Amino acid sequence: MDDTTPRMSTLFQQLGLDDSDEAIATFIKDGQLASEVNIVDAPYWSDAQRHFIGEQLGADAAWAIVVDQLNESLHENSVKRQTGLD
């Protein structure tokens, strides 16, 4: 049984990415998505990463909350543009 506490840093570990605060912030800043791009369709994921993200969202698993948080962060700029808050 996996008893890892789902957090942003542990999500990045699960995805095989650098999980330091600076790396996460840079990934989010550089990886912004257009509003119409679903997080699983982001061009920078490997097939394994895409599968993990989609699986977690589809299963409404414990990781889904953190994946949702990452999704919101990756769409932050497009939301600001749409609402005129940028």
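Before reading further, recall that the structure is shown in the block above.
## Quick word on the environment of Lys29
- Examined against the element boundaries, Lys29 turns out to sit in helix α2 (residues 21-30).
- In this structure Lys29 comes out as exposed when scored by relative accessible area, which is 60%.
- The spacing of Lys29 and Leu74 is 45 residues in sequence and 7.6 Å in space, taken between C-alpha atoms.

## Here's the deal with the pattern of salt bridges
- Taken as a whole and assessed by the stated rule, the structure comprises three salt bridges.
- Residue Lys29 is joined to Asp30 by a salt bridge in which the shortest nitrogen-to-oxygen separation is 3.0 Å. Side by side, Lys29 and Asp30 carry an identical accessibility label, which is exposed.
- Of the charged contacts in the structure, one is a salt bridge between Asp47 and Arg50, with a shortest N-O distance of 3.6 Å. With Asp47 and Arg50 both in helix α3 (residues 47-58) and three residues apart, the pair spans about one turn of that helix.
- We classify Arg50 as partly exposed; its relative accessible area is 26%.

What counts and what doesn't
- Residues numbered from 1 in each chain as written.
- Predicted model: local features only at pLDDT ≥ 70, side-chain atom pairs only at ≥ 80, totals over all residues.
- Heavy atoms only, no water.
- Helix = DSSP H or I, 4+ residues; strand = E, 2+ residues; numbered from the N terminus.
- Buried < 20%, exposed > 50% of the residue type's maximum accessible area, 1.4 Å probe, protein only.
- Salt bridge = Lys/Arg side-chain N within 4 Å of Asp/Glu carboxyl O.

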